[in-house]
Amino acid sequence: MGGFRQRHHDGSPWRLGVMGGTFDPIHHGHLVAASEVASVFDLDEVVFVPTGQPWQKVDKDVTAAEHRYLMTVIATASNPSFTVSRVDIERPGPTFTIDTLRDLKAERPDAQLFFITGADAMAQILTWKNAEELWSLAHFIGVTRPGHELDGRGRDVSLLEVPAMAISSTDCRHRVGEGKPVWYLVPDGVVQYIAKHRLYRRVDPSGTGPASQQGDEHVPPTERQHRDSPTSLQQPTG
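Residues numbered from 1 in each chain as written. Predicted model: local features only at pLDDT ≥ 70, side-chain atom pairs only at ≥ 80, totals over all residues. Heavy atoms only, no water.

A. Region of interest: the pairing of strand β7 (residues 138-144). The element β7 is extensively covered by neighbouring structure, given that seven of its seven residues are classed as buried. Pairing geometry for β7 and strand β8 (residues 157-161), over five bridges, is parallel. In the strand pairing of β8, Val143 is matched with Leu160. (Buried < 20%, exposed > 50% of the residue type's maximum accessible area, 1.4 Å probe, protein only. Helix = DSSP H or I, 4+ residues; strand = E, 2+ residues; numbered from the N terminus. Pairing = 2+ DSSP bridges.)

So this is what it looks like as structure tokens:
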């Protein structure tokens, strides 16, 4: 814990964004949202926190936490202001936002926390009873698609429109399951990780559907274009 930044040299607190989510998979909407919030709110760092066992999805099929964690690491690796935390995936039982913030606050008691989440999740949080501790631990920021409205109900909540939030993890999973590409929806490294570990593929006993095919959805468009060009299809002569 001693390696975490908590204050600047002038004594002012480290402004830490906390991007919680299932990240199943992480996509460009998450990354753009984190970057935009960091710019608008002058954050020093954004830590991505993949949920362990999402309490609201206990009856749904969620990809193993380690896969989601590694995809998040891959997606954020190129940005020095982005980090990834394992606090939620290493905590047993369902993941609750209050536990996430308590653990991060314990790690960095002097840092100022800004919790970043989607507008739908924010709307749920605003209805929770006995949620006063949440507001004392962090400033909450809801990122939304343009035109979406959110009633803060007097809470210290900010709302930020991010066009890229139109991308959804659900749609990405469905596209992979249908054999469609997710290039430019998720980072390139995540596309490759999904292909390598065969994530989100539908089980097809007949062996003829997308679940059993190694199709073009995981081949970069430029590489596919070169491969399918007339020159690349010519047979060698000699």
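Here the narrative resumes, following the displayed structure.
B. Quick look at the pattern of salt bridges. Under the counting rule described, the total for this entry stands at nine salt bridges. Across the salt bridge formed by Asp103 and Arg91, the nearest N and O atoms sit 2.7 Å from each other. With a gap of 12 residues between them, Asp103 in helix α3 (residues 97-107) and Arg91 in the loop between β4 (82-84) and β5 (94-95) connect regions that are remote in the sequence. Judged by its relative accessible area of 30%, Asp103 is partly exposed. For Glu133, the salt bridge is made with Arg102, and the minimal N-O distance between the two is 2.7 Å. Of this pair, Glu133 sits in helix α5 (residues 132-137) while Arg102 sits in helix α3, and the two are 31 residues apart along the sequence. (Salt bridge = Lys/Arg side-chain N within 4 Å of Asp/Glu carboxyl O.)

C. Summary view of α3. Buried residues of α3: Thr97, Ile98, Thr100, Leu101, Leu104 and Glu107, and no others. In this structure, the buried residues of α3 make contact with β1 (15-21), β2 (45-50), β5, β6 (112-118), α5 and β7. (Contact = heavy atoms within 4.5 Å.)

D. Spatial organisation of the packing of aromatic side chains. Tallied over the entire structure, the rule returns five aromatic pairs. For the ring pair Phe23 and Phe48, a centre distance of 5.9 Å and an interplane angle of 50° mean the geometry is tilted. Of the two residues, Phe23 sits in the loop between β1 and α1 (28-40) while Phe48 sits in strand β2, which places them 25 residues apart along the sequence. Of the two residues, Phe23 and Phe48, both sit in the buried class. Here the aromatic residues Phe23, Phe48 and Phe82 are joined through ring pairs into a cluster of three or more. In this arrangement the basic side chain of Arg86 is found over the ring face of Tyr69, its NZ or CZ atom lying 4.5 Å from the centre. (Phe/Tyr/Trp six-rings, centres within 6.5 Å; stacked < 30°, edge-to-face > 60°. Lys NZ or Arg CZ within 6 Å of the ring centre and 35° of its normal.)

E. Structural detail: the nonpolar core. Among the nonpolar cores identified, the biggest contains 35 residues, and Met19, Ile26, Val37, Leu43, Val46, Phe48 and Met71 are the most heavily contacted of them. Considering each element in turn, this core owes the most residues, five residues, to α1. For Val37, the contacting residues outside a window of four places in its chain are Asp42, Leu43, Ile116, Ile141, Val143 and Leu160. Of all hydrophobic cores here, the second largest spans 21 residues; its members include Val18, Val87, Leu134 and Phe140. (Core = buried A, V, L, I, M, F, W, Y, C linked by side-chain atoms within 4.5 Å.)

Read these as geometric descriptors, not functional statements.
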